[in-house]
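Chain by chain, the residues:
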Amino acid sequence: MKKDSGSHPRVRVESGGSGIVSQAGGVLLTETARVVGLDRGLSRALAPWGRTRAVHDPGKTVLDLAVALVLGGDCLADVAILREQPDVFGPVASDPTVSRLVTALAAAGPKAVDAIRAARAAARERAWNLARTASPVAGGRLTIDLDGVPVTAHSDKEGARPTWRKTFGFPPLWAFADHGPEGSGEPLSVLLRPGNAGSNTASDHIEVTRQALAQVPKRHRRGRDTLIRTDSAGGTHEFLAWLSRRGRWLSYSVGFTITDRIHAAILRAPKAAWTPACDADGLPREGAWVAEVTDMLDLTAWPRGMRVIVRKERPHPGAQLRITDVDGNRRVCFVTNTAGGQLADLEPRHRRRARAEDRIRRARATGLRNLPLHGLAQNRVWCELVALACELVAWKQMLALTGEARRWEIRKLRFRLFGTAARLVRTGRRIIVRLPERWPWTRHVLDAIDRLGRLTTPT
C-alpha cells in the first residue's frame, strides 16, 4: 500500500543558512532614495538631532523607518527587518536608539517636522524633474486632492476623541498629488488633528493646502494650472475665498452641500439644461445628467467666478436616496472657478478625486492603520514617516516601473517585488544580490534597478 504524503512535498526545515536575503527587493527603495537625494537631504536636515560621537545618523534612521513601513512594518520595532540584513541596508539603529530619536523629534515640535518636510520637498522636485513625461506636472498642470482619513485608536492616546464619523481616534487630513490614470499618487502633506476636530473646519483645509503647496516646485504654488479638489467638507466661504485670493488664483473643484435654495434651483432647471454626463473615458454615462444652476442662484456672498454644477443619476442598487432627491434620481453638487470647458468634462474631472481613496488605502497599508505611539507630537512624527514611505513607493513606481506596474497596490508590490528572496555573493570588495532566476518578477526588479542606475546621482 502506497503511503499518502499529502499534496505538498515534505521538506526538512533547519537553521544555519548564510548569505540569504529575504527582502532583496527593498534595494529598489534605497536606490530610489539615493537617486532623488533623499538620503543626503534627510542627513543634512536632521543633523541638529544627532548626538556627539553617535554611531547612527538620524537621517538614515528616519529613512530606515520609512523603508520598514513599506516592507510591512507598523511600529518602530519593525525596523528589525532591516537590522538583520546589514549587507543590503547598512547598519541600523537599535530599538532604544530609534525610540530616543523619535522622542527627540517630537519634543522639538514643528522645527523637526519642518526639517523632514524640507528634505522631502527637495527630493520631490528632483524626482519630478527626473521623471519628465511621467511626472504629475508633465502637462504643466498639477492636481491636489484633499481628503480626511479616520484612524481608530484602541487605547486612550493623547488627542484621541470621539470623531464626527462615530468612531474613536483621529481624523488626519491629507493632501495628495494626483499622477493621473497612468500612475498612482503621492502624499504632499498631512495634518494630524485631535479626534474632535470638525470635518469642515476651514482653517484645517487652508493649513493642509498651504503645506502641500510648499512641497511642490515654486512655479506650481499659484495660478490656474494648479487645481485643488476636495469633497463638500471644503465647501466653506473661508476656504474658497483663500483659494481665490488675488495673487494666489488657484483653481478649485469642491463638493458642495445641496441647500434648500440650490434644491429649488434644481427643480426650476428646464429639461434642456440637462446634458448627458460622461464617464472616465469620455463616453456618455447611461442614466446620468449634468446641469449648471449658477445663474439661478444669488452668489454675491461667494468668491467671484464660482460656478455651481449639479449631477443627477439613477442610484446603484442598494443606494439610499436623500429626502431632497426626487424622481428616483440622486443629486450631488460641486463648485468650480474654471471659466471654460464643457460640463461633460468638468464633472468627470471632479469625480476623479475618488482616486484619493486609493492613496488612503495605500497609506493605511503603510503604517496608518493605527497610530502606535501615545503622544500626539510623536504620532505627528509617525504620520510624516507614513508620508515618506508612501512617497518612496510613488517615486519608485514613477522612475523605475512602466505599464501596469506603475499602478500596483502596495500589497502586490510587497508580494512580487519587495519580498523577493536572494543570495548574497561577495567578490572582491563588491556585494552582489543574486535574484532567483525562476521568480516570475525577477525581470521587473532587474529592469527597475537598471532604470534607476541610468539616472544621475545628486552631489
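See the structure shown above.
Note on numbering: residues in each chain are counted from 1, in written sequence order. Where totals are concerned, whole chains, interfaces and linings use all residues; where local detail is concerned, this predicted model gives features only for residues with pLDDT of at least 70, and gives and counts side-chain atom pairs only at 80 or more. Computation of side-chain values: all heavy atoms of the structure, hydrogens and water removed.

J.: Teacher, can you tell me more about the pairing of strand β12 (residues 307-313) here?
T.: Two faces belong to every sheet, and in a regular strand the side chains alternate between them. Partly exposed residues are those whose accessible area sits between 20% and 50% of the maximum for their type, while under 20% is buried and over 50% is exposed, using a 1.4 Å probe and protein chains only. Here a helix means four or more residues in a row that DSSP labels H or I, a strand means two or more in a row labelled E, and each is numbered from the N terminus. Here β12 lies mainly inside the structure; seven of its seven residues are buried. Here the rule is simple: two strands pair whenever DSSP picks up at least two bridges between them. With five bridges joining them, strand β11 (residues 284-292) and β12 adopt antiparallel strand pairing. Paired with Trp 289 across the bridge in β12 is Lys 312. Pairing of β12 with strand β13 (residues 330-336), which is carried by seven bridges, proceeds in the antiparallel orientation. Across the sheet, residue Lys 312 finds its bridge partner in β13, namely Arg 331.

J.: What exactly am I supposed to notice about the sheet that holds strand β14 (residues 422-427) here?
T.: Either a parallel or an antiparallel arrangement is found when strands of a sheet pair, and the pairing is made through backbone hydrogen bonds. Strand order in the open sheet formed by three strands is β1-β14-β15, and the pairing between neighbours is antiparallel. Strands with a single pairing partner mark the edges of an open sheet, and in this sheet they are β1 (20-21) and β15 (430-434). Pairing between β14 and β15: five bridges, direction antiparallel. Residue pairing across strands places Leu 424 opposite Val 433, the latter belonging to β15.

J.: How should the sheet that holds strand β3 (residues 151-152) be read in this particular structure?
T.: Taken together, the three strands give an open sheet; going across it, the order is β3-β5-β4, and neighbouring strands pair in antiparallel fashion. Two strands lie at the open edges of the sheet, namely β3 and β4 (161-162), each paired on one side alone. By the bridge criterion, two bridges tie β4 to strand β5 (residues 168-170) in an arrangement that is antiparallel. By the bridge assignment, Arg 161 is partnered in β5 with Gly 169.

J.: What exactly am I supposed to notice about the side chain of Thr 230 here?
T.: Within the fold, Thr 230 resides in strand β8 (residues 226-230). A distance of 3.3 Å separates the side chain of Thr 230 from the backbone oxygen of Leu 146, its partner in a polar contact. A polar contact is formed between the side chain of Thr 230 and the side chain of Asp 231, at a distance of 3.5 Å. In this structure, Thr 230 is in contact with Leu 146, His 205, Phe 239, Ser 253, Val 254, Gly 255, His 350 and Arg 353, ignoring residues within four places of it in sequence. Any N or O atom pair separated by 3.5 Å or less is treated as a polar contact, with the protein-specific requirement of one donor-capable and one acceptor-capable atom, and with residues adjacent in sequence counted only for side-chain atom pairs. Should any heavy atoms of two residues lie within 4.5 Å, those residues are considered in contact.

J.: Would you mind showing me how to read helix α3 (residues 58-70) here?
T.: Residues that lie three or four places apart on an α-helix share one face, since the helix turns once every 3.6 residues. In this scheme, a helix's expected span is set at 1.5 Å multiplied by one less than its residue total. Given a rise of 1.5 Å per residue, 13 residues ought to cover 18 Å, and the 19 Å separating the end C-alpha atoms of α3 matches this to within 8%. A large share of α3 lies buried, amounting to 12 of its 13 residues. Taken together, the buried positions of α3 are occupied by Pro 58, Gly 59, Thr 61, Val 62, Leu 63, Asp 64, Leu 65, Ala 66, Val 67, Ala 68, Leu 69 and Val 70. One side-chain oxygen at the N-terminal end of α3 lies 3.2 Å from the backbone nitrogen of Gly 59; it belongs to Asp 57. Positive phi shows up at Gly 72, right after α3, with a value of about 120 degrees.

J.: Explain unusual backbone geometry to me, please; I cannot follow it from the model alone.
T.: Negative phi characterises most residues that are not glycine, and trans characterises most peptide bonds. Positive phi, close to 55 degrees, is recorded for Arg 132, a residue that is not glycine. Summarising the element assignment, Arg 132 is placed in the loop between α7 (110-131) and β2 (142-148). Accessibility expressed as a relative area gives 66% for Arg 132, which makes it exposed.

J.: How should I be thinking about the environment of Arg 349 in this particular structure?
T.: Residue position: Arg 349 is located in helix α11 (residues 343-351). Arg 349 sits 96 residues away from Ser 253 along the chain, and the two C-alpha atoms are 8.3 Å apart. Ignoring sequence-local partners within four residues, the contact set of Arg 349 consists of Leu 227, Arg 229, Tyr 252, Ser 253, Thr 336 and Thr 338.

J.: Just checking my understanding: could you explain the state of the cysteines for this structure?
T.: Simply put, the disulfide is a covalent bond whose two ends are the sulfur atoms of two cysteines. Pairs of cysteine sulfur atoms within 2.5 Å are identified as disulfides in what follows. Applying the stated criterion to the full structure yields zero disulfides. Of all cysteine sulfurs in the structure, the one in Cys 333 sits closest to Cys 278, which takes part in no disulfide; the separation is 19 Å. Among the residues examined, Cys 278 registers a relative accessible area of 13% and is labelled buried.

J.: Just checking my understanding: could you explain helix α12 (residues 356-368) for this structure?
T.: For α12, built from 13 residues, the straight-helix expectation of 18 Å at 1.5 Å per residue is missed by more than 12%, its first-to-last C-alpha distance being only 15 Å. Taken together, the buried positions of α12 are occupied by Ala 356, Arg 359, Ile 360, Arg 362, Ala 363, Ala 365, Thr 366, Gly 367 and Leu 368.

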